[in-house]
Amino acid sequence: MKVAIYTLGCKVNQYETQAMEQTLRAKGHQVVEFSDEADAYVVNTCSVTAVSDQKSRQVIHRVQKQHPAAVVAVCGCYPQTHPEDVRKLGADLIAGTGDREGFISLLEEAAAGKKNLEAIDKSFERRVFEVLPAGGMEGRTRAMLKIEDGCVNFCSYCIIPYARGFNRSKSLEDLKLELYDLSAKGYKEVVLVGIDLSSYGKDIGCHLVDAVTMACTTEGIERVRLGSLEPLMLTDKNLSILAGLPNFCPQFHLSLQSGCDATLKRMNRHYDTAFYRELVQRIRSRFDNPSITTDLMVGFPGETEEDFQDTLDVVEKCDFDSAFTFIYSKRSGTPAAKM
């Protein structure tokens, strides 16, 4: 079977797509480009904003029109959070954000002629981290390595906790094996990623810096980077540990979201702008030429022109290397949708 996968969204989605591709190859299937002819097309969706939902629908409609005889399967955050909307699209297989290997088995069933399959569980009933194969990018030297899933921060604007469930962490034992495997395959750099990466280890009695230390001390791994972080994770102790690891890349993506304290409170973010600015200063004092990037949201319910100016002021003072900026997107089922 020839399978093509289209991925929307974050690094975790990209990692999970690579894992599915490896599983497909291990079962004797061929992975092709999404623009090629295939027996099955998989759309790994994102639902972080309404625009993400729209893009997912557009890709699904396009592939259904261009390849009417092929199996069309949809997985990821969009069907997990909006199953009724996705059912209306008429895909042959619908699944959520869990059990990726089970999803591949269902894809095989769909290709064999059994259609209208569905596998959407209840995300908050998951308690075990699903170990998937990392790597899968032949000829590359950088691999993404998912070590955490789930989030319970419940920022008032965010649908992702409902898509991913409670925090679940990869064990240090599994992480060690995966790092050795990546090193043996020739990968020189790993990027540790998660839905709420800063919460890694809370459920298994360790900490994110333990995972970073393990990656940095794996023979053959020359560079280690981190995905998006919550500011409160970077205490003085943790910064000291990271600064002592010579192959840790000081690239910090610290979500700010707003430079207005009143807006941060309505967002249910658990820091203020004074803490954030002081953290940026501490990072720059401990690392030589670090990269500091961020996420920013504008138009959050209740934001005034003065609040927006506060954000601009913080951005200027923090002097970010880059910023991902978003317009607030109303997500049904979140507290902000009622504001």
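These lines cover the structure that appears in this document, whether it is placed above or below. Quick caveat, the model's predicted, so the values are computed rather than measured.

1. As for the overall build of the protein chain
Move 1: Along the protein chain, the regular secondary structure elements total twelve helices and 14 strands.
Move 2: Taken over C-alpha atoms, the radius of gyration comes to 21 Å for the protein chain, in line with the 20 Å a tight globule of 339 residues would show.
Move 3: Judged by the C-alpha coordinates and their principal axes, the protein chain covers about 60 × 50 × 35 Å.
Move 4: Burial status across the protein chain gives 54% buried among its 339 residues.
Move 5: Of the contacts made within the protein chain by residues no fewer than 6 positions apart, 76% connect residues no fewer than 24 positions apart.

2. With respect to the sheet that holds strand β1 (residues 2-7)
Move 1: The six strands are arranged β2-β1-β3-β4-β5-β6 in an open sheet whose pairing can be described as parallel. Of all the strands in the sheet, just β2 (30-32) and β6 (117-119) have a single pairing partner and so form its edges. Going across the sheet, the axis of each strand differs from the next one's by a mean of 20°, ignoring polarity.
Move 2: Relative to β2, β1 runs parallel, the two being bridged by three bridges. Looking at β2, one finds that K2 is bridged to Q30.

3. As for a nonpolar patch on the surface
Move 1: A grouping of V152, F154, Y162 and F166 is seen on the molecular surface, where their side chains present a nonpolar patch of about 290 Å² in accessible area.
Move 2: Within the secondary structure, Y162 is located in helix α6 (residues 160-164).

4. Here's the deal with a negative patch on the surface
Move 1: A surface patch of like charges, here negative, comprises D261, D272, E305, E306 and D310.
Move 2: It is helix α12 (residues 305-318) that contributes the most residues to the negative patch, three residues altogether.
Move 3: Relative to the helices and strands, E306 is located in helix α12.

5. Describing the pairing of strand β4 (residues 71-76)
Move 1: With respect to burial, β4 is a largely interior element, six of its six residues being buried.
Move 2: Of the two faces of β4, the one holding V71, A73 and C75 and the one holding V72, V74 and G76 are both buried throughout.
Move 3: Where strand β3 (residues 40-45) meets β4, six bridges bridge the pair, whose relative direction is parallel. Bridging across to β4, N44 finds its partner in C75.
Move 4: Since β3 and β4 lie parallel, the crossover through helix α2 (residues 50-66) that links them has a hand, and here it is right-handed.
Move 5: In terms of strand pairing, β4 meets strand β5 (residues 93-95) through two bridges, oriented parallel. The residue of β5 that forms the bridge with A73 is L93.

6. A few points about helix α7 (residues 172-184)
Move 1: Taking 1.5 Å of rise per residue, 13 residues should cover 18 Å, and α7 covers 18 Å from first to last C-alpha, within 8% of that figure.
Move 2: Backbone geometry just downstream of α7 places G186 in the positive-phi region, at approximately 100°.

7. Thoughts on the packing of aromatic side chains
Move 1: Here the structure, examined in full by the defined rule, presents 13 aromatic pairs.
Move 2: With centroids separated by 5.0 Å and ring planes inclined at 65°, the aromatic side chains of F124 and F166 adopt a geometry described as edge-to-face. Taken together, the residues span a long stretch of sequence, with F124 in the loop between β6 and β7 (142-149) and F166 in the loop between α6 and β8 (168-169) at a distance of 42 residues.
Move 3: Overall, F124 belongs to the partly exposed group, its relative accessible area being 25%.
Move 4: Accessibility expressed as a relative area gives 33% for F166, which makes it partly exposed.
Move 5: Between Y271 and Y276, the aromatic rings sit 6.2 Å apart at their centres with planes inclined by 40°, giving tilted as the arrangement.
Move 6: For Y271, a relative accessible area of 9% gives the class buried.
Move 7: Under the relative-accessibility criterion, Y276 is labelled buried at 0%.

What counts and what doesn't
Residues numbered from 1 in each chain as written. Predicted model: local features only at pLDDT ≥ 70, side-chain atom pairs only at ≥ 80, totals over all residues. Heavy atoms only, no water. Helix = DSSP H or I, 4+ residues; strand = E, 2+ residues; numbered from the N terminus. Rg over C-alpha atoms; globule rule 2.2 N^0.38 Å. Buried < 20%, exposed > 50% of the residue type's maximum accessible area, 1.4 Å probe, protein only. Contact = heavy atoms within 4.5 Å. Pairing = 2+ DSSP bridges. Axes fitted to C-alpha atoms, helices over the stretch in contact; angles between N-to-C directions. Patch = residues over 30% accessible without salt bridge, like charges linked within 9 Å, V, L, I, M, F, W, Y side chains within 5 Å. Areas by Shrake-Rupley, 256 points an atom, 1.4 Å probe, with all protein chains shown as cover. Salt bridge = Lys/Arg side-chain N within 4 Å of Asp/Glu carboxyl O. Lys, Arg positive; Asp, Glu negative; His and termini not counted. Charge placed at Lys NZ, Arg CZ, Asp CG, Glu CD. Right-handed = clockwise from strand over helix to strand, strands pointing away. Expected span 1.5 Å × (residues − 1). Phe/Tyr/Trp six-rings, centres within 6.5 Å; stacked < 30°, edge-to-face > 60°.

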